[in-house]
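# Structural features, examined
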Amino acid sequence: MDTAVTAKKKWWGGGYSPFNVSYGKLMMWYFLMSDAFTFGALLISYGTIRFMSTSWPDPNEVFKSAPLMGHANLPLVFVSIMTFILIMSSVTMVLAVHAGHQRNQKAVTKWLAWTIVGGAAFLACQAWEWTHLYHEGAWWGRNPFLNVDGTPASTNFTNFFFTITGFHGLHVTSGVILNIVILINVLKGTYEQRGHYEMVEKVGLYWHFVDLVWVFVFTCFYLL
Amino acid sequence: MEHTQTAAVDDARHGHGDTSTKTIWKTFWILLCVTIVEVALAFLHLETGFPSRLVLNAIFIGLTIVKAFFIVAEFMHLRHEIKNLILTILIPLMLFVWFIIAFLADGDSWKNMRKDLSPGTPKQATTVTNEASHH
């Protein structure tokens, strides 16, 4: 990548990276692709089971609570807040990457710290939601909610909900841990010495992927 | 993708241009607005039942893909990478087209079998419902 790039460059002729990205970034993309298939498999199996069922619980009946709101009927409100938090943390992550391009250590620190705050806030929201559902009697193998047509629902609904949001939550958790590790390195000046902040970009890719998966989880579980 | 390879590479190296904060915030507003539209449509359906469930679901899936496009293209910067990289990521993901169609069709077929072949002959069941509707 040191040589000048022209449009007629023979990318596959040898001597260059045909993708014009570093090894680490390319491997992060490939990892995310495999992870996309894992999440895809989970969501599609959920879809298959849902297509197989004659009736299914109404998400607006199940997810209608929000903290400090008592028994008010608020479908979609809390999960919209969670979605907003995650989109917002994605934005602060891009801003951190942007600051890294400009080699602005202070700005990278600031935006990474906000990203960590966003991730932690999202996890706190999810913890509240899980606790709330648990107290309503929902868990793996237990489903207190009725189908739309009034018949008792199978445990497929809760099993898929807790497995998929749990697997996503696990990704958010590891993302927050990675962000913290990167932030420590930024503060130590590791990337300043290295001469570039590419590590922020790689972890950033992972973080955006977590946001991307949530977009699909949000649609599949709360909207459809 | 309207950029030439040269421009995309230069921007990536110098770290300005495409990744300007203006684009970032624009993408944020698009994502936020799409989410608000989704939630608003869901409430509209709850209150009035207006967009029928089928239409509503089609809109939701369409808007989800719009959001996914903006996250991958802008936040993950894929739009500004060179074509080789874009293709190596996107072509394998096309498997999802088969994946989704095959498995959802399978689920649907299971539902129909469970309905049609459930114990108690199906023909009786249909005549019973027909009689009930006549009276």
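Worth saying up front: this structure is predicted, and the values here are computed from it rather than measured. (Residues numbered from 1 in each chain as written. Chains lettered and ligands numbered in written order. Predicted model: local features only at pLDDT ≥ 70, side-chain atom pairs only at ≥ 80, totals over all residues.)

## Some remarks on the overall build of chain A
Formally: Think of it this way: any DSSP run of H or I at least four residues long counts as a helix, any run of E at least two long counts as a strand, and we number them from the N terminus. To sort residues by burial, count the other C-beta atoms lying within 10 Å of each one's C-beta; a count of 20 or more means buried, 12 or fewer means exposed, and anything in between means partly exposed. C-beta atoms are built from the backbone. It is the C-beta atoms, placed from the backbone, that decide contacts: two residues are in contact if theirs lie within 7 Å.
Within chain A one finds seven helices and zero strands. Reading the helices (α) and strands (β) of chain A from amino to carboxyl end gives α-α-α-α-α-α-α. Seen through its C-alpha atoms, chain A measures out along the principal axes to roughly 70 × 40 × 25 Å. Looking at chain A as a whole, 37% of its 224 residues are labelled buried. For chain A, contacts bridging at least 24 residues in sequence account for 69% of all contacts bridging at least 6.

## Looking at the overall build of chain B
Along chain B, the regular secondary structure elements total six helices and zero strands. Within chain B, the fraction of its 135 residues that count as buried is 16%. The contacts in chain B between residues at least 6 apart in sequence include a share of 59% that link residues at least 24 apart.

## A closer look at the UniProt feature "transmembrane region" (unreviewed entry) in chain B
All names here are of chain B. Basically, it comes down to this: UniProt positions are given in the numbering used here, feature names are shortened, and annotations may be inferred rather than shown by experiment.
In the numbering adopted here, UniProt assigns the feature "transmembrane region" (unreviewed entry) to residues 28-47, 54-73 and 85-105. Secondary structure across residues 28-47 comprises 100% helix and 0% strand; the distance between its end C-alpha atoms is 29 Å. Secondary structure content for residues 54-73 is 100% helix and 0% strand, while the C-alpha to C-alpha distance between its ends is 29 Å.

## Topic: the UniProt feature "transmembrane region" (unreviewed entry) in chain A
Residue and element names in this part refer to chain A. As recorded in UniProt, the sites labelled "transmembrane region" (unreviewed entry) are residues 29-52, 72-99, 111-130, 160-184 and 205-223. End-to-end, the C-alpha atoms of residues 72-99 are 43 Å apart, and along that stretch the chain is 82% helix and 0% strand. The span residues 205-223 shows a helical share of 100% and a strand share of 0%, and its end C-alpha atoms are spaced 26 Å apart.

## Overview of the interface of chain A and chain B
Our working rule: When residues are sorted by character, Ala, Val, Leu, Ile, Met, Phe, Trp, Tyr, Cys and Pro go into the nonpolar class, Asp, Glu, Lys and Arg into the charged class, and all the rest, Gly among them, into the polar class.
At the junction of the two partners, chain A supplies 42 residues and chain B supplies 45 residues. For the side of chain A that touches chain B, the secondary structure elements donating two or more residues are helix H1 (23-52), helix H3 (77-101) and helix H7 (198-223) of chain A. Per element, the largest residue contribution to the side of chain A that touches chain B is ten residues, and it comes from H1 of chain A. Across the side of chain A that touches chain B, the residue classes break down as 25 nonpolar, 16 polar and one charged.

## Description of H1 of chain A
Cut-off, in case you're wondering: To estimate how far a helix should reach, multiply one less than its number of residues by 1.5 Å.
Helix length check: H1 of chain A, at 30 residues, gives a terminal C-alpha distance of 43 Å against a target of 44 Å (1.5 Å per residue), a fit within 8%. Inspection of H1 of chain A places Lys25, Met28, Trp29, Leu32 and Tyr46 of chain A among the buried residues, and these make up the whole buried set. Packing partners of the buried residues in H1 of chain A comprise helix H5 (156-188) and H7 of chain A together with helix H4 (83-93) of chain B.

## Looking at the environment of Cys33 of chain B
Inspection of the secondary structure assignment puts Cys33 of chain B in helix H2 (residues 21-48). Considering only alpha carbons, one finds Cys33 of chain B and Met94 of chain B, 61 residues apart in sequence, at a separation of 28 Å.

## Examining the nonpolar core
Side chains that are nonpolar tend, in soluble globular proteins, to be buried together. For the record, the criterion: Put simply, a nonpolar core is a cluster of buried Ala, Val, Leu, Ile, Met, Phe, Trp, Tyr and Cys residues tied together by C-beta atoms within 7 Å.
One finds Ala96, Val108 and Leu112 of chain A to be the most contacted residues of the largest nonpolar core, which totals 62 residues. Mapped by element, the contributors of at least two residues to this core are H1, H3, helix H4 (105-135), H5 and H7 of chain A together with H2 and helix H3 (53-75) of chain B. If one sorts the elements of this core by residue count, H7 of chain A sits on top with 16 residues. Among all residues touching Ala96 of chain A, those that are not within four sequence positions of it are Val108, Trp111, Leu112, Thr115, Val200 and Gly204 of chain A.

## With respect to the confidence of the model for chain B
Residues and elements named next belong to chain B. Stated precisely, the cut-off is as follows: Within a predicted model, pLDDT stands for the predictor's per-residue confidence, ranging from 0 to 100.
Mean pLDDT for chain B: 80, with 74% of residues reaching 70 or above. Least confident of the elements in chain B is helix H1 (residues 5-14), whose mean pLDDT is 44; most confident is H3, at 94. Across residues 1-18, confidence stays below pLDDT 50; counting only partners more than four residues off in sequence or on other chains, it has 25 contacts. This complex was scored by the predictor with a pTM of 0.86 and an ipTM of 0.88.

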